[in-house]
Structure formats: structure tokens, C-alpha cells
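Structural characterization, general
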Amino acid sequence: MSKLVTRRHAVALGVAAPLAAPLIVTRAAAQAPWPSKPVRFIVPFPPGQAADIFARLMAERLTEIWKQQVLVDNKGGGGGIPGTEAGKAAAPDGYTLLVATSGTFGVNPSLYPDLPYRPLVDFKPITNILRGPLVIVAHPSFPASTVGELIELARKEPGKLS
């Protein structure tokens, strides 16, 4: 008897599925395309800094592509912490994006034990927008000329270099 019920259900499902599919597609198609309102990039640094410059270049281009305004919202100060907190507090609707940096997500967690955000928990990475080399520079009279020599010097004279 259970085989008979299973066959009936299978036949009913086989008939109902093709009828329901257009309803599912129609419902999904009825949703407004994204973005349907302005998008905001939070830059946790003041205007003119590298993250701001690249956010503005992206905002300009994405405004053209999306046919929707993309705004840059600078929230500078505090090592990027207040701006990053603003990104964390934003509604998770895809209309506020945080331009994070190696400082806000890499350096700050090692400097501040009570950081009010957790980069790997509170945020979802989307993409890299810029990769750039970081360099160490010193006056020509400084006794180290390579990273290895700098490390050696720092070990020989603990607490002297900053």
C-alpha cells in the first residue's frame, strides 16, 4: 500500500512541478534589480588618503555602470576604528560597503586587544580593489640597509628602535 501512495505522490509532484516553476521564476523576476537605491562606500579615513582615492574612482565608474549613485562617506580618525564600526553597524542589505585596509583589518587587531569589531566575524569580504607594495625607508645614514639587517639591529638593541 505504501508503494501506491508513493507512486501517487510522485505522479502528483511530476504534474505540479512544471506548473509551479513559472510561479517561482515570476516571483523572483518581480524583485527590483540591485541596486535600486544609492550605494554607500564607507572609507574609515579622511579624504585624500589612498583608500579614499580608490573608493572615489570606483564610485564614479560604478555609478555609470549601475545607473545608481554610489557615494563615498569618509569617517576618518581613530586609526580607522570609528569608520569600521560604522560599517559594522550598517544594515546588512548590501547598500553600505566598507573599504577596509590592511590597517583596519590587519594591524588594528594586533594593536588593540579590545577592538570593537572582529574582521573575520563581523564582515564578509567581497573583493580586493587594490594591492600595493609597502616599503620600509630610512635615512641613508641609518646602519641597516636590508630587512635582515634591520631585524638584526633591533635584536641587538631591544627597545631602541620604534
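This text follows the structure it describes.
Residues numbered from 1 in each chain as written. Predicted model: local features only at pLDDT ≥ 70, side-chain atom pairs only at ≥ 80, totals over all residues. Heavy atoms only, no water.

**So, the nonpolar core**
When a protein is soluble and globular, its nonpolar side chains tend to lie buried together. As a reminder, the rule being used: The term nonpolar core refers to a set of buried residues drawn from Ala, Val, Leu, Ile, Met, Phe, Trp, Tyr and Cys, joined through side-chain atoms within 4.5 Å. Using a 1.4 Å probe on the protein chains alone, a residue whose accessible area is under 20% of its type maximum counts as buried, one over 50% counts as exposed, and one in between counts as partly exposed. Secondary structure counts use DSSP, requiring at least four H or I residues in a row for a helix and at least two E residues in a row for a strand, with both numbered from the N terminus. Whether two residues are in contact is decided by their heavy atoms: any pair within 4.5 Å suffices.
Counting residues in each nonpolar core, the largest one holds 11 residues, listed as Val39, Phe41, Val43, Phe45, Ala51, Ala55, Ala59, Leu62, Val70, Tyr95 and Val99. Within the residue set of this core, elements represented by two or more residues are β1 (39–43) and α2 (50–66). In terms of residues, this core owes the most to one element, α2, which gives 4 residues. Excluding residues that lie within four positions of it along the chain, valine 43 makes contacts with Ala51, Asp52, Ala55, Val72, Asp73, Asn74, Lys75 and Val99.

**Description of the pairing of strand β2 (residues 70–74)**
What counts, and what does not: Paired strands, in this sense, are two strands between which DSSP finds at least two bridges. By convention a crossover is right-handed if, when the strands point away from the viewer, the path from the first strand over the helix to the second runs clockwise.
As defined by bridge partners, β1 adjoins β2 across 5 bridges and the pair is classed as parallel. The residue of β2 that forms the bridge with arginine 40 is leucine 71. Note on the crossover from β1 through α2 to β2: the handedness is right-handed.

**Examining a nonpolar patch on the surface**
Quick note on the threshold: Here, patches come from residues exposed beyond 30% relative accessible area and free of salt bridges, joined within 9 Å for like charges and within 5 Å for nonpolar side chains (Val, Leu, Ile, Met, Phe, Trp, Tyr). Each accessible area value is a Shrake-Rupley result obtained with a 1.4 Å probe; residue values ignore everything except the protein chains displayed when judging cover. For this analysis, a salt bridge means a side-chain nitrogen from Lys or Arg found within 4 Å of a carboxyl oxygen belonging to Asp or Glu.
Residues Ile53, Phe54, Leu57, Ile129 and Leu130 make up a contiguous nonpolar surface patch of roughly 410 Å² in combined accessible area. Inspection of the secondary structure puts isoleucine 129 in the loop between α5 (119–122) and α6 (147–156).

**Some words on the pairing of β1**
Counting buried positions over the 5 residues of β1 gives 4, a clear majority of the element. One ladder, built from 3 bridges, connects β1 with strand β3 (residues 96–98); its direction is parallel. If you follow arginine 40 over to β3, its bridge partner there is threonine 96.

**Looking at the pattern of salt bridges**
Tallying each qualifying case throughout the model produces 8 salt bridges. Notably, a salt bridge pairs arginine 40 with aspartate 73, separated by 2.8 Å at the nearest N-O pair. Here the residue arginine 40 occupies a position in strand β1, and aspartate 73 occupies one in strand β2, the gap between them amounting to 33 residues. The partly exposed category is assigned to arginine 40, whose relative accessible area is 26%. Notably, a salt bridge pairs arginine 61 with glutamate 64, separated by 3.0 Å at the nearest N-O pair. Residue arginine 61 and its partner glutamate 64 are both found in helix α2; the two are separated by 3 residues, about one turn of the helix. For arginine 61, a relative accessible area of 47% corresponds to the partly exposed category. When salt bridges with common partners are traced through the structure, they connect Arg40, Asp73 and Lys75 into a single cluster.

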